[in-house]
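Here's the letter readout for the chains.
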Amino acid sequence: QVQLVESGGGLVQAGGSLRLSCAASGRTFTSYVMGWFRQAPGKEREFVTSINKSDGRPYYADSVKGRFTISRDTAKNTVYLQMNSLKPEDTAVYYCAATTGWGIRSMTTEYDYWGQGTQVTVSS
């Protein structure tokens, strides 16, 4: 199993940038597909991005492609979400998640472990 802890959320102006971190403990995150999800007020939790456990290849939701970048630091057992050109519609609680599955995992039901979430608020 793995324990996930997110950090780096906060308030940012539209057009600005923010980097979220997801620190994993228990097992190296290379044993999992790591994903980021977000949930806006009154909305369902939605997929943002994921990174393959073997080769680190990323996959992005269309809504964030070109603006967000997922990466990992194996030495620190940490996954990052670099968010650029932020928009008010990016405002949500962002969750880090992990699954022992393979390939693209874009559904919440496919993930086994979740972090506590970190709030990201983008002002106009």
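Quick caveat, the model's predicted, so the values are computed rather than measured. (Residues numbered from 1 in each chain as written. Predicted model: local features only at pLDDT ≥ 70, side-chain atom pairs only at ≥ 80, totals over all residues. Heavy atoms only, no water.)

A.B. asks: Can you break down the overall build of the protein residue by residue, with the values?
C.D. replies: Helix and strand content of the protein: 0 helices and 11 strands. In the protein, the order of α-helices and β-strands from amino to carboxyl end is β-β-β-β-β-β-β-β-β-β-β. Its C-alpha radius of gyration of 13 Å places the protein within 12% of the 14 Å reference for a compact globule of 124 residues. Over its C-alpha atoms, taken along the principal directions, the protein stretches across nearly 40 × 30 × 25 Å. In the protein, which comprises 124 residues, the proportion classed as buried is 44%. Partitioning the intrachain contacts of the protein with sequence separation of at least 6 by distance along the chain shows that 59% fall at a separation of at least 24. Total accessible area on the protein stands at roughly 6300 Å², and carbon and sulfur atoms take up 47% of it. (Helix = DSSP H or I, 4+ residues; strand = E, 2+ residues; numbered from the N terminus. Rg over C-alpha atoms; globule rule 2.2 N^0.38 Å. Buried < 20%, exposed > 50% of the residue type's maximum accessible area, 1.4 Å probe, protein only. Contact = heavy atoms within 4.5 Å. Areas by Shrake-Rupley, 256 points an atom, 1.4 Å probe, with all protein chains shown as cover.)

A.B. asks: Got a sec to walk through the packing of aromatic side chains? Specific residues and values, please.
C.D. replies: Taken as a whole and assessed by the stated rule, the structure comprises 7 aromatic pairs. Centroid distance Phe37 to Phe47: 5.6 Å. Interplanar angle 75°. Geometry classified as edge-to-face. In this pair, Phe37 is assigned in strand β4 (residues 33-39) and Phe47 in strand β5 (residues 46-51), connecting sequence segments 10 residues apart. Each of the two residues, Phe37 as well as Phe47, counts as buried. With centroids separated by 6.5 Å and ring planes inclined at 80°, the aromatic side chains of Tyr95 and Trp114 adopt a geometry described as edge-to-face. A residue pair is termed long-range when its members are at least 10 positions apart, and Tyr95 in strand β9 (residues 92-99) and Trp114 in strand β10 (residues 113-114) qualify at 19 residues. An aromatic cluster of three or more residues is present, and its members are Phe37, Phe47, Tyr59, Tyr95, Tyr111 and Trp114. Arg45 extends its terminal NZ or CZ atom over the ring of Trp114, reaching a point 5.0 Å from the ring centre. Note that Arg105 overlies the ring of Trp102, its terminal NZ or CZ placed 5.9 Å from the centroid. (Phe/Tyr/Trp six-rings, centres within 6.5 Å; stacked < 30°, edge-to-face > 60°. Lys NZ or Arg CZ within 6 Å of the ring centre and 35° of its normal.)

A.B. asks: Give me the environment of Thr109: which residues, what numbers.
C.D. replies: Checked against the element boundaries, Thr109 lands in the loop between β9 and β10. With a relative accessible area of 70%, Thr109 lands in the exposed category. Measuring from C-alpha to C-alpha, the distance between Thr109 and Asp62 comes to 20 Å, with 47 residues separating the pair along the chain.

A.B. asks: Describe the pairing of β5, naming the residues involved and giving the relevant values.
C.D. replies: Summarising burial for β5: 5 of the 6 residues are buried, a large majority. The sheet contact formed by β4 and β5 spans 5 bridges and is antiparallel. Looking at the pairing, Phe37 lines up with Phe47 of β5. The sheet contact formed by β5 and strand β6 (residues 58-60) spans 3 bridges and is antiparallel. If you follow Ser50 over to β6, its bridge partner there is Tyr59. Here β5 folds back onto β6 in antiparallel fashion, the turn holding 6 residues, of which Gly56 has a positive phi close to 75°. (Pairing = 2+ DSSP bridges.)

A.B. asks: Run through the nonpolar core, naming residues and quoting values.
C.D. replies: Ranked by internal contacts, the top residues of the largest apolar core, which has 33 residues, are Met34, Trp36, Met83 and Tyr94. Of all the elements, β9 adds the most residues to this core, at 5 residues. Once residues lying within four places of it in the same chain are set aside, the contact partners of Tyr94 are Glu6, Leu20, Trp36, Phe37, Arg38, Val48, Phe68, Leu81, Met83, Gly117, Thr118 and Val120. (Core = buried A, V, L, I, M, F, W, Y, C linked by side-chain atoms within 4.5 Å.)

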